[in-house]
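Breakdown of the fold
As a plain string of letters, each chain reads:
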Amino acid sequence: MKKNRTLESAIASIPSGAVIMVGGFGNPGTPFSLINELLRQGQTNLTLIKNDANEASHGVSRLIENGQVRKLITTHIGLNKNVIDRFNQGEIEVAFHPQGILAEKIRTAGAGSFGFLTDIGIHSEITRPDDLLDWQGKTYKVEMALRADFALIHAAQADWLGNLVYQGSAINFSPLMAMAADHVIVETPDLGAPGRFSPEQVHTPGAFVDSVVQLESLTSDYGILEHHVRR
Amino acid sequence: MKKNRTLESAIASIPSGAVIMVGGFGNPGTPFSLINELLRQGQTNLTLIKNDANEASHGVSRLIENGQVRKLITTHIGLNKNVIDRFNQGEIEVAFHPQGILAEKIRTAGAGSFGFLTDIGIHSEITRPDDLLDWQGKTYKVEMALRADFALIHAAQADWLGNLVYQGSAINFSPLMAMAADHVIVETPDLGAPGRFSPEQVHTPGAFVDSVVQLESLTSDYGILEHHVRR
Amino acid sequence: MSDVERILRRAVLEITPGSIVNLGIGLPTKVMHYLPDDFDVQIHSENGILGAWKQAEPESMDPFLIDASGAYVSLREGASLFDSAVSFAMIRRARVDLTMIGAFEVDAHGNLANWKIPGRFSPGIGGAMELAQKTKRIVVLTTHTDKHGRPKILETCRLPLTAKACVSRIISELAVIDVTNRGLVVREKLADISDADLQAKTEAALIFAIESGEEQHGE
Amino acid sequence: MSDVERILRRAVLEITPGSIVNLGIGLPTKVMHYLPDDFDVQIHSENGILGAWKQAEPESMDPFLIDASGAYVSLREGASLFDSAVSFAMIRRARVDLTMIGAFEVDAHGNLANWKIPGRFSPGIGGAMELAQKTKRIVVLTTHTDKHGRPKILETCRLPLTAKACVSRIISELAVIDVTNRGLVVREKLADISDADLQAKTEAALIFAIESGEEQHGE
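Residues numbered from 1 in each chain as written. Chains lettered and ligands numbered in written order. Predicted model: local features only at pLDDT ≥ 70, side-chain atom pairs only at ≥ 80, totals over all residues. Heavy atoms only, no water.

1. Let's talk about the overall build of chain C
Helices and strands together make up the secondary structure of chain C, namely 4 helices and 13 strands. In summary, chain C has a C-alpha radius of gyration of 17 Å against a globular reference of 17 Å for 219 residues, a match within 12%. Once the C-alpha set of chain C is aligned to its principal axes, its extents read approximately 50 × 40 × 30 Å. Counting only residues that meet the buried cut, chain C has 63% of its 219 residues in that class. Working note: accessible area of chain C is about 8300 Å², and carbon and sulfur atoms make up 48% of it. (Helix = DSSP H or I, 4+ residues; strand = E, 2+ residues; numbered from the N terminus. Rg over C-alpha atoms; globule rule 2.2 N^0.38 Å. Buried < 20%, exposed > 50% of the residue type's maximum accessible area, 1.4 Å probe, protein only. Areas by Shrake-Rupley, 256 points an atom, 1.4 Å probe, with all protein chains shown as cover.)

2. Considering the packing of helix 5 (residues 99-110) of chain A against helix 2 (residues 84-92) of chain D
Where helix 5 of chain A contacts helix 2 of chain D, the two axes come as close as 9 Å, and the packing angle between them is 125°. As the angle between them shows, helix 5 of chain A and helix 2 of chain D are arranged oblique. Judged by the sense of rotation from one axis to the other, the crossing of helix 5 of chain A with helix 2 of chain D is left-handed. Where helix 5 of chain A abuts helix 2 of chain D, its residues Q99(A), G100(A), I101(A), A103(A), E104(A) and R107(A) lie against S84(D), A85(D), F88(D) and R92(D). A class-by-class count of the residues in the contact of helix 5 of chain A with helix 2 of chain D yields 4 nonpolar, 3 polar and 3 charged. (Axes fitted to C-alpha atoms, helices over the stretch in contact; angles between N-to-C directions. Parallel < 35°, antiparallel > 145°, perpendicular 65-115°, else oblique. Left-handed = near helix turned anticlockwise from the far one by under 90°. Contact = heavy atoms within 4.5 Å. Nonpolar A, V, L, I, M, F, W, Y, C, P; charged D, E, K, R; others polar.)

3. Structural notes on the pairing of strand 8 (residues 138-144) of chain B
Residues and elements named next belong to chain B. When you tally the buried positions in strand 8, you get 5 out of 7 residues, the bulk of the element. Where strand 6 (residues 115-118) and strand 8 come together, 4 bridges link them in antiparallel fashion. Looking at the pairing, F116 lines up with E143 of strand 8. Hairpin geometry of strand 7 (residues 132-135) and strand 8 is characterised by an intervening segment of 2 residues between the two adjacent antiparallel strands and by a positive phi of about 50° at Q136. (Pairing = 2+ DSSP bridges.)

4. Re the pairing of strand 9 (residues 148-154) of chain A
All names here are of chain A. In terms of residue burial, strand 9 counts as a mostly covered element, since 6 of its 7 residues are buried. Bridge analysis of strand 2 (residues 19-22) against strand 9 gives 3 bridges, and the strand direction is parallel. By the bridge assignment, V22 is partnered in strand 9 with L152. Two strands pair when backbone bridges link them, and strand 9 and strand 12 (residues 181-188) are joined in this way by 6 bridges, in the parallel orientation.

5. Let's talk about the interface of chain A and chain D
Each partner contributes residues to the interface: chain A has 46 residues there, and chain D has 38 residues. The contact between chain A and chain D buries some 3400 Å² in all, and 64% of this surface belongs to carbon and sulfur atoms. Taken together, the links from chain A to chain D amount to 3 salt bridges. For the salt bridge of E104(A) with R92(D), the shortest nitrogen-to-oxygen distance reads 3.4 Å. (Buried area = accessible area lost by both parts, 1.4 Å probe. Salt bridge = Lys/Arg side-chain N within 4 Å of Asp/Glu carboxyl O.)

Laid out in structure tokens, this is it:
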């Protein structure tokens, strides 16, 4: 069954108020074209789940700057002054998690489980007494699973069945989010017929993917960022 | 740092009484050569964790038939009359888990977590009242992480750093076990220099692997089993 | 046509084109061989395959590629292979559309027992519990009675359950029966068995609602 | 030699050949550029890289390959790329041998504070908490005092902690200090600073135990 969709129709399936996971760590893996279409269509009151807020005026930062985002669930927004300012001014709610805990909360939902027991941060201020569980003689922190209505994913390559292959450091949260969201929308510059991948080398099996959008080209966001070049 | 070891020295690091995870689902992924060396060296009182007990007189079934195994943690032993008999005669302790729960218990240990919340089997006889947790208004079953001292893994290909690539349906539990055991021993018929794999296509990163044994050839167990050929 | 063949041929009609289907050990795995070669379906096998397909000829059989029953399989174009955690994530996240599964007992509430006969047969749970509990649609393939002629379709299961209220439909060699809020509803039956005879072979009460024009079972 | 350069050159000596090392954002990421090109080490970056290496020339830079600080990196032979769950599994399972990390404050108990200054700086936690809590060995790279000249090596941290009792060693531009059960032990110091002057720049009490023949810091 072909999962090909147009950019417009794929994003039009997202209502205002949706909870949306967005792949990517910094630029690599950020689905800039899907995000830009969401900006154009203007859905509001969104909850976004993403490792970071991208750089100012790029990616999800544009959605936040445009007032479309109610809440951001993330690990670190230190590289983005625009989002830090909006957070400090109380214009957006931000929930922070340790990076591996955010990954694991998403992965737990993706595995169809409801929570997990950890000791990360158990002696830090991020842990409240309500989070603690005494179980079989030991104390754990309970971290609950984090699901979403939609996931927006960038893949280097895909096929019509939704099988995905990622590239470089662009894997990061994407395979986890593809498992954890009810409706998974993928952008890729390279969409082909089933049979193009070695079956062992598929990163995300098509079963987890609902819509695949073929891009004519990558956005300019995927150029080299001069301030990350060492001099 | 080269992780190459001889078959004999790699297995000699395992003491009697060890808890050992063994990769493989049926034949594919079963590390027959490592198992046969464990049979030869004769360590006893072992706890094995494996999806199944292999077929009678093959793989881990040989260790069980030879009296080296105290306990088997598994999902299904229905294809192995020898092990069923030993279980029924009380000569070996067997703990059964639903297959995906066994995988997830191992994966939870591999992720450095301690347990997870599920609803699988919550209304069945495999769940005791002690397993249930009321948390934030809902009832879950707590499944605890399952770790091991050693994991025995078969990889189709490896490099000296311990990067592994699996083949066919031989992936199954192996990447999970490689993360969950303190000392991971790999057999492979195809060991080469670092740089042979595309970095995105490594299934198990070398960080999780301690010893790699190059096989001169696969054991005869890896021939086609006539009773699984459709007529 | 044997009873088994009749069940398998009817089972094929349950598969929606484009869907993802898991075929349980026993009768269900045999359904694959009744599918047309170009049928648009992805067979999921819980040992880590999406896109399993019919066994190749012996000379090109891959010893590293089996399904969950141990049988050698091949792969379709677009297949993917993955670890057991991902495989069961797919199941628990309900990305498998349909599971066909065998039964020791199935009952009027859709309860399924297929993993244990206390004191006689307890080889383990395998993947059945998660498939039964989490797949969107469960269709049981079973002979209508056991080898002693005793009903397998009961008012209430007596064996330990695999999962509660999970079964949508039962296909036997005699009938196609839906589990509904009203009870078990017979949708199709063999032309040469009477309602009374079918009820006599079934412990649970049956509601007969065979629509005219609907495909008759066993044709 | 600048203070920063002195810290980085000393930091290189902490890396055992054959080990897996994570370099935190800030000072630590710069350590990579002081490593000999043939040095046997695998650099872990928590965004999913084992085997990250020095940035390529602009013409061959890969826009899809950055480290956790956002800087473009290259890969060594034998590198692997993986998702964030696997990356942090590697950390929590203590498969990372050494983490070099920056600090706002570090104290005599090995406590580390480097993620939040309430009311002034709270950009999030990133990967620091798990790295600090779970890596086998944590070495803090920090200037000895802040830009106002106030000590950063304290008796007890005042800022919210990243992790408790996690630091093994502190490397500043003035000294190399070990966290021990007895307290902070100075192993190396600049030849031209007196014990009293070093203590004056440090809030925590220092124990001086510089072994003769041991490499002097800053050479």
